[in-house]
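Analysis of the macromolecular model
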Amino acid sequence: MIKIEIVQSEEGFLALASEWNALLDASGLGNIFLTWEWISTWWTCFGRGRYKPWVITARDGNDGRLVGLLPLASQTVNLAGLRLRQLSFMAGDRVIDHLDAIAKPSHSHAAMPFFVDCLVGKSVEHDVVRLDAMKADSAFVKALLDTIEQRPDDASHMAIDSVCPYLSLPDTWDGYWASIGKQSRYNFTRKAKRLQARASGPVSYRRVETKAELSDAIRELVRLHQARQQQKGNPGAFAQKRAIEFHTAAAERFLDKGWLRLYLLTVGSQVIAAIYCYKFGGKFSFYQSGYDPAWAECSPGALIMLHAVREAISEGAEEFDFLRGEEPYKSLWTSTARTDLRLRIATSMPGWLILRAYQLAYQGRRAIKANLGWGNRHAKAAS
């Protein structure tokens, strides 16, 4: 027997801290974006005051052990003059991937129908469910899609694929270096020689390993990332002060846990490139990077990415995950990708009206991209 509860207070959410990661470890998901450290840091920096916890917990009816949870948050939003109650993943407004319900394998089959019913059952009080970056092949997603597709009169929905490139890693660096081909090896060697020729001091790569150096390293990451993105006319991932505060806090907690992989490429005392990754569950996840545009001719962004891949292999990681997005540079590193899913579900008439407008807008954008030759994403809508 399973006991289901929806935790809707900050106190109740924070009380889950001691059980959260143990359940994640038992689930086998191996996703750093579902750790207590990531979720609770998001709550402190972004959630509190804007959202309310809406965490569905499943406990063993015999001993009260936590055997499943779905980390959601509720928010009241105003869209097109309508005031809607919306559910979404905690931290779903950040660039994160492969989200899922967390459950012990022994209890997953029993817990999933309860999770689905809390989202799209007949007694729900919210108007819209907005789930981004879900692990497309998960038992939770399958159960949710099966339910809403069998009840078209009760729940309109829209599902959009998100491409998430990744690189499977060999056991050795020599194996990887041989696999990329003669031309790629030549290009990387040429870029490294060009950097050495221009440098007026020693060229080195450094991993951030202490709190004493973390603050300056984050500052350099932000500076380099923003410089490159602004050069391209983009706002950049660290345009908001709150985003910098979030990643500073998350990086500090990850450093304590041994999960942070932040590398700097320096020429003398000058940092010219940085790459921000995490190591968790047997894989490296690449989050952000940046380099000094003044050194663009030396390709410091490619060189520090190559260094991160080499470090991942040396640590025995099985995968280098580039996360969501079809940016052209990712295709230079890998041709393999998995699919995550963005799902929008309407559970009331106001929610249906907004979803329908969203569907029409998305279809219009997709048509424009197709005509211009942009993108390769697919969408499915049912109403």
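For the structure itself, consult the block above.
Below or above, wherever it landed, is the structure these notes cover. Since the structure is predicted, the reported quantities are computational estimates derived from the model, not experimental observations.

1. Some details on the environment of Ala143
Structurally, Ala143 is set in helix 5 (residues 139-150). By relative accessible area, Ala143 is classed as partly exposed at 22%. In contact with Ala143, other than residues within four places in its own chain, are Met112 and Val116.

2. A closer look at a nonpolar patch on the surface
A cluster of nonpolar residues, Met349, Trp352 and Leu353, forms a patch on the protein surface that exposes about 300 Å² of accessible area. Within the secondary structure, Met349 is located in helix 11 (residues 349-372).

3. Observations regarding the packing of aromatic side chains
Summed over the entire model, instances satisfying the criterion amount to 27 aromatic pairs. Ring geometry for Phe46 and Phe246: centres 5.5 Å apart, planes at 65 degrees, overall edge-to-face. Within this pair, whereas Phe46 is found in helix 3 (residues 36-47), its partner Phe246 is found in helix 9 (residues 241-257), the two being separated by 200 residues in sequence. Exposure class is identical for Phe46 and Phe246. Each is buried. Among the aromatic residues, those joined into a cluster by ring pairs are Phe33, Trp38, Phe46, Phe246, Phe254, Trp259, Tyr276, Tyr278, Phe280 and Tyr287.

4. Some remarks on the packing of helix 3 against helix 9
Running from amino to carboxyl end, helix 3 crosses helix 9 at an angle of 155 degrees, the nearest separation of the two axes being 10 Å. Here helix 3 is positioned roughly antiparallel relative to helix 9, judged by the angle of their axes. Viewed along their axes, helix 3 and helix 9 form a crossing whose handedness is right-handed. Facing Trp36, Glu37, Trp38, Ser40, Thr41, Trp42, Cys45 and Phe46 of helix 3, the residues of helix 9 in contact are Arg242, Ala243, Glu245, Phe246, His247, Ala249, Ala250, Arg253, Phe254 and Lys257. Counted by class, the contact of helix 3 with helix 9 contains 10 nonpolar, three polar and five charged residues.

5. Focus on the nonpolar core
In this structure, Trp38, Leu119 and Phe140 are the most contacted members of the largest nonpolar core, which totals 79 residues. Contact partners of Trp38, with chain neighbours within four places excluded, come to Ile32, Phe33, Ala91, Arg94, Ile96, Phe246, His247, Phe254, Tyr278 and Tyr287. Residues Ile180, Ala273, Val309 and Ala312 belong to the second largest nonpolar core, which totals 32 residues.

6. Quick word on the environment of Arg130
Tracing the chain through its elements places Arg130 in strand 6 (residues 128-135). Exposure remark for Arg130: the relative accessible area of 34% places this residue in the partly exposed category. Sequence separation between Arg130 and Gly92 is 38 residues, and the spatial gap between their C-alpha atoms is 9.0 Å. If we ignore the near neighbours within four places in the chain, the residues touching Arg130 are Gln86, Leu87, Ser88, Phe89, Leu343 and Arg344.

7. Some points on helix 8 (residues 211-231)
Spanning 21 residues, helix 8 covers 31 Å between terminal C-alpha atoms, matching the ideal 30 Å at 1.5 Å per step. Residues of helix 8 that are buried include every one of Leu214, Ala217, Ile218, Leu221, Val222, Leu224, His225, Gln226 and Gln229, and no others. Immediately downstream of helix 8, the backbone of Gly233 shows phi near 85 degrees, a positive value.

8. Remarks on unusual backbone geometry
The backbone phi angle of Ala91 is positive, close to 70 degrees, even though this residue is not glycine. As for its position among the elements, Ala91 is in the loop between strand 4 (82-89) and strand 5 (102-103). With a relative accessible area of 0%, Ala91 lands in the buried category. Phi is positive for Ser299, which is not a glycine, with a value near 55 degrees. Checked against the element boundaries, Ser299 lands in the loop between strand 11 (283-291) and helix 10 (300-314). The class of Ser299 is buried, set by a relative accessible area of 18%.

What counts and how
- Residues numbered from 1 in each chain as written.
- Predicted model: local features only at pLDDT ≥ 70, side-chain atom pairs only at ≥ 80, totals over all residues.
- Heavy atoms only, no water.
- Helix = DSSP H or I, 4+ residues; strand = E, 2+ residues; numbered from the N terminus.
- Buried < 20%, exposed > 50% of the residue type's maximum accessible area, 1.4 Å probe, protein only.
- Contact = heavy atoms within 4.5 Å.
- Patch = residues over 30% accessible without salt bridge, like charges linked within 9 Å, V, L, I, M, F, W, Y side chains within 5 Å.
- Areas by Shrake-Rupley, 256 points an atom, 1.4 Å probe, with all protein chains shown as cover.
- Salt bridge = Lys/Arg side-chain N within 4 Å of Asp/Glu carboxyl O.
- Phe/Tyr/Trp six-rings, centres within 6.5 Å; stacked < 30°, edge-to-face > 60°.
- Axes fitted to C-alpha atoms, helices over the stretch in contact; angles between N-to-C directions.
- Parallel < 35°, antiparallel > 145°, perpendicular 65-115°, else oblique.
- Left-handed = near helix turned anticlockwise from the far one by under 90°.
- Nonpolar A, V, L, I, M, F, W, Y, C, P; charged D, E, K, R; others polar.
- Core = buried A, V, L, I, M, F, W, Y, C linked by side-chain atoms within 4.5 Å.
- Expected span 1.5 Å × (residues − 1).

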